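# Observations on the model geometry
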Amino acid sequence: MAVACDEGVYRIAKEIQLKSPEEFGNIVLCLGPFHMIKVVQASIGQYIDGSGAETIWTKNGVFGVNVVKQVLSGKHYKKSLYGLYILSEAIQRLQLEEFFRVHGCDDYVEELNILKCMKVSVGKKDKEQSKKQLSDFMTKSDSLMADFKSFKEDMATKSETFKFWDTFVCMVALLMDLVRSVKEGNWLLHLHTVKCILPLFSIFNHTNYLRWCSLYLEDMQKLEETAPDVYQYFMSGKFAVKH
């Protein structure tokens with residue numbers, strides 16, 4: 001039987017299970033993703049606190065002054081998710097703009113044309129065509145993505161500001177992967193992302209989540225052996241409740 005709970009309850013339940021494995025060994029304890037996501041939001045908020053992000057949001061009418069504090073703390077789930085996402089997208093747009101200014105577009109005509117077509121398909125809400133074009137882009141964009149990665153690595157060595165905001169973009173990407181894993185019921189993506197966010201818990205002093213999330217990850221990686229039925233259930237996309 002699988003039971004999901006937040007960190008506070010998980011800690012108590014896990015301690016009981018560790019003390020009495022014979023009695024409670026048939027229970028699979030899971031850390032609920034909702035509060036995990038909020039802690040990641042708070043970690044990113046700590047990272048960009050005082051960076052000027054607050055001014056960007058307020059000056060552009062995205063959030064009011066009082067709401068910004070809730071966004072940075074992760075206390076307002078939806079607004080925090082939205083605010084971090086649009087700020088990350090704005091940074092990535094600036095990165096791409098500079099990349100194409102430096103490298104030009106001639107070497108990437110095919111890839112850019114696919115993206116233009118995909119934009120039209122998304123606008124028409126044509127899911128099948130959008131998926132096909134996305135797959136096509138991923139197949140043909142190796143050179144573009146490699147060049148863009150090299151560009152970012154080079155810029156990060158030249159500019160601390162660029163490095164700071166590129167790190168922010170990477171952190172938000174992890175946050176979005178964590179959210180996506182739940183929405184899509186992608187168990188392997190969930191485990192991979194949990195592993196990747198553990199350093200954030202350490203860096204930003206979320207010690208309880210670092211401790212118990214590490215144990216949770218270790219348990220879940222052994223799940224195929226310890227509870228194969230639950231493992232198959234999770235692999236089928238049913239590890240999280242979706243509304």
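To be clear, the structure that these remarks concern was listed above.
Residues numbered from 1 in each chain as written. Predicted model: local features only at pLDDT ≥ 70, side-chain atom pairs only at ≥ 80, totals over all residues. Heavy atoms only, no water.

Moving on to the overall build of the protein. Along the protein, the regular secondary structure elements total 14 helices and two strands. Counting only C-alpha atoms, the protein reaches 65 × 40 × 35 Å along its principal axes. The buried share of the protein, reckoned over its 243 residues, is 40%. Put simply, of all contacts in the protein between residues at least 6 apart along the chain, 68% involve residues at least 24 apart. Accessible surface for the protein amounts to roughly 14,600 Å². Of this, 56% is attributable to carbon and sulfur atoms. Side chains of the protein carry 30 positive and 30 negative charges; the gap between the two charge centres is 7 Å. (Helix = DSSP H or I, 4+ residues; strand = E, 2+ residues; numbered from the N terminus. Buried < 20%, exposed > 50% of the residue type's maximum accessible area, 1.4 Å probe, protein only. Contact = heavy atoms within 4.5 Å. Areas by Shrake-Rupley, 256 points an atom, 1.4 Å probe, with all protein chains shown as cover. Lys, Arg positive; Asp, Glu negative; His and termini not counted. Charge placed at Lys NZ, Arg CZ, Asp CG, Glu CD.)

For the rest of this paragraph, the subject is the environment of Y82. In this structure, Y82 sits in helix 6 (residues 77-103). By relative accessible area, which is 47% here, Y82 ends up partly exposed. Along the chain, Y82 and I27 lie 55 residues apart, while their C-alpha atoms are 36 Å from each other. Apart from the residues within four sequence positions on either side, Y82 is in contact with V62 and F63.

Okay, the pattern of salt bridges next. Per the stated rule, a full pass over the model turns up eleven salt bridges. A salt bridge links R11 to E7, with the shortest nitrogen-to-oxygen separation between them at 2.7 Å. Within this pair, R11 and its partner E7 are both found in helix 1 (residues 7-19), separated by four residues, close to a single helical turn. Take E7: its relative accessible area is 10%, and that puts it in the buried class. Residues participating in the shared-partner salt-bridge network are E110, D136 and K140. (Salt bridge = Lys/Arg side-chain N within 4 Å of Asp/Glu carboxyl O.)

Attention now goes to the nonpolar core. Among the nonpolar cores identified, the biggest contains 56 residues, and M36, I48, W57, F168 and Y216 are the most heavily contacted of them. Here this core gets ten residues from one element, more than from any other, and that element is helix 10 (residues 160-184). Core analysis: the next-biggest nonpolar cluster, separate from the first, contains ten residues, F100, Y108, L144 and F162 among them. (Core = buried A, V, L, I, M, F, W, Y, C linked by side-chain atoms within 4.5 Å.)

The end-to-end C-alpha separation of helix 11 (residues 187-203) is 25 Å, in line with the 24 Å expected for 17 residues at 1.5 Å each. Roughly 30 degrees is the biggest bend found in helix 11, and it falls at C196, with proline P199 one to four residues downstream. Sitting at the head of helix 11, N186 places a side-chain oxygen 3.4 Å from the backbone nitrogen of L188. N205 occupies a position one or two residues after helix 11 and carries a positive phi of about 65 degrees. (Expected span 1.5 Å × (residues − 1). Bend = angle between axes of the 7 residues up to and from the residue. Polar contact = N/O pair within 3.5 Å; in protein donor to acceptor, adjacent residues only side chain to side chain.)

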